[in-house]
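Working through the structure, step by step
Each chain is listed here by its residues.
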Number of protein chains: 2
Amino acid sequence: MFVILVYDVGVKRVGKVLKTARRYLTWVQNSVLEGDISETNFKKLKAELLMKIVPGEDSLIFYTFRTKNYSKREEYGLKKGGEDIFL
Amino acid sequence: MFVILVYDVGVKRVGKVLKTARRYLTWVQNSVLEGDISETNFKKLKAELLMKIVPGEDSLIFYTFRTKNYSKREEYGLKKGGEDIFL
């Protein structure tokens, strides 16, 4: 499955959240990671991140896609992250 | 089509980029907007934003999806933006 993670977390936690997320996904832009991972790893990632955030202050959004057949990714301007072509 | 826009732009331009993007999409989190828009409006949004960014400094990523049938959105923690259920 393909996953896009966007997060908005307190400055004290952003390092830990990024470090954890980077074990599963590729950083592509400020507070945005993406990548193809297994269902099992997605569950692990979610569980680990949920232990690191403060629900009343931080926000995580996961967009998951079982196929990329109907999707497209367009990047403009400065290329920040590592993922070149995911679609 | 469903669009997720993530952006990372210079502080001098972020207001203009957000204001433009909000005419087409819903703000859901810091530097993240999403929503269902027509192909025509997507082209307009792209054109307008490309005129506002400095390609050597700013970064825009558009994820577009012709269907949401194979996708899911999960939001955890503080609900920041306006979009409740898009899937």
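Residues numbered from 1 in each chain as written. Chains lettered and ligands numbered in written order. Predicted model: local features only at pLDDT ≥ 70, side-chain atom pairs only at ≥ 80, totals over all residues. Heavy atoms only, no water.

As recorded in an unreviewed UniProt entry, chain A goes by CRISPR-associated endoribonuclease Cas2 and comes from Aneurinibacillus danicus. Looking at chain A in UniProt, the text filed under Subunit (unreviewed entry) is "Homodimer, forms a heterotetramer with a Cas1 homodimer." Per its UniProt entry, chain A bears the Cofactor (unreviewed entry) comment "Mg(2+)". (UniProt positions renumbered as here; feature names shortened; annotations may be inferred.)

1. Details of the overall build of chain A
Scanning chain A from terminus to terminus reveals two helices and five strands. Along its sequence from the N terminus, chain A presents helices and strands in the succession β-α-β-β-α-β-β. Whereas a compact globule of 87 residues would reach a radius of gyration of roughly 12 Å, chain A reaches 13 Å, a difference of no more than 12%. A principal-axis box enclosing the C-alpha atoms of chain A has dimensions of 35 × 30 × 20 Å. Burial statistics for chain A: of 87 residues in total, 48% are counted as buried. Taking as baseline every contact in chain A between residues at least 6 positions apart, the subset at least 24 positions apart corresponds to 67%. Split by element, the accessible area of chain A, about 4300 Å² in all, is 52% carbon and sulfur. (Helix = DSSP H or I, 4+ residues; strand = E, 2+ residues; numbered from the N terminus. Rg over C-alpha atoms; globule rule 2.2 N^0.38 Å. Buried < 20%, exposed > 50% of the residue type's maximum accessible area, 1.4 Å probe, protein only. Contact = heavy atoms within 4.5 Å. Areas by Shrake-Rupley, 256 points an atom, 1.4 Å probe, with all protein chains shown as cover.)

2. Notes on the relation of the copies chain A and chain B
Placing chain A over chain B gives an RMSD of 0.0 Å and needs a rotation angle of 180 degrees, together with 0.0 Å of translation along the axis. On the angle and the small slide along the axis, the relation comes out as a two-fold axis. (Least-squares fit on C-alpha atoms with pLDDT ≥ 70 in both.)

3. With respect to the packing of helix α1 (residues 14-22) of chain A against helix α2 (residues 39-52) of chain A
Residue and element names in this part refer to chain A. At a minimum axis distance of 10 Å, the contact between α1 and α2 shows a crossing angle of 170 degrees. Here α1 is positioned roughly antiparallel relative to α2, judged by the angle of their axes. Contact with α1, carried on its side by K16, V17, T20 and A21, involves L45, E48, L49 and K52 of α2 and no other residues of that element. By residue class, the composition of the contact of α1 with α2 is four nonpolar, one polar and three charged. (Axes fitted to C-alpha atoms, helices over the stretch in contact; angles between N-to-C directions. Parallel < 35°, antiparallel > 145°, perpendicular 65-115°, else oblique. Nonpolar A, V, L, I, M, F, W, Y, C, P; charged D, E, K, R; others polar.)

4. Notes on the sheet that holds strand β1 (residues 2-8) of chain A
Ordered in space as β2(A)-β3(A)-β1(A)-β4(A)-β5(B), the five strands form an open sheet in which the pairing is antiparallel. Pairing within the sheet leaves two strands with one partner each, and these edge strands are β2 (26-29) of chain A together with β5 (71-77) of chain B. On average, adjacent strands in this sheet sit at an angle of 20 degrees to one another, irrespective of strand direction. Relative to strand β3 (residues 32-36) of chain A, β1(A) is paired through five bridges, and the arrangement is antiparallel. Residue A:F2 lies in a different strand from β3(A), and its bridge partner there is A:D36. (Pairing = 2+ DSSP bridges.)

5. Overview of the packing of aromatic side chains
The final tally for this structure, using the stated rule, is six aromatic pairs over all chains. Each ring, one from A:F62 and one from B:Y76, has its centre 5.9 Å from the other, and the planes form 75 degrees; the classification is edge-to-face. With A:F62 in strand β4 (residues 59-65) and B:Y76 in strand β5, this pair bridges two chains. Feature note: the residues A:F42, A:F62 and B:Y76 constitute an aromatic cluster, connected by ring pairs. (Phe/Tyr/Trp six-rings, centres within 6.5 Å; stacked < 30°, edge-to-face > 60°.)

6. A look at helix α2 (residues 39-52) of chain B
Look at α2(B): 20 Å from first C-alpha to last across 14 residues, which is about the 20 Å you get at 1.5 Å a residue. Within α2(B), the full set of buried residues consists of B:F42, B:L45, B:K46, B:E48 and B:L49. Buried positions along α2(B) lie against β5 (71-77) of chain A together with β1 (2-8), α1 (11-22) and β4 (59-65) of chain B. (Expected span 1.5 Å × (residues − 1).)

7. Looking at the pattern of salt bridges
When their charged atoms lie close together, side chains carrying opposite charge are able to pair. Going through the model one piece at a time under the given rule, you end up with 16 salt bridges over all chains. Measuring nitrogen to oxygen at the nearest pair gives 3.0 Å for the salt bridge that ties A:E57 to A:R13. Of this pair, A:E57 sits in the loop between α2 and β4 while A:R13 sits in the loop between β1 and α1, placing them 44 residues apart in sequence. According to the relative accessible area criterion, A:E57 is partly exposed, its value standing at 48%. On the basis of relative accessible area, A:R13 is assigned to the buried category, the value being 9%. A salt bridge links A:K46 to B:E74, with the shortest nitrogen-to-oxygen separation between them at 2.6 Å. Here A:K46 is found in helix α2, whereas its partner B:E74 is found in strand β5 on a different chain. Each member of the pair, A:K46 as well as B:E74, carries the same accessibility label: buried. Salt bridges linked by common partners bring A:R13, A:E57 and A:D58 together as one network. (Salt bridge = Lys/Arg side-chain N within 4 Å of Asp/Glu carboxyl O.)

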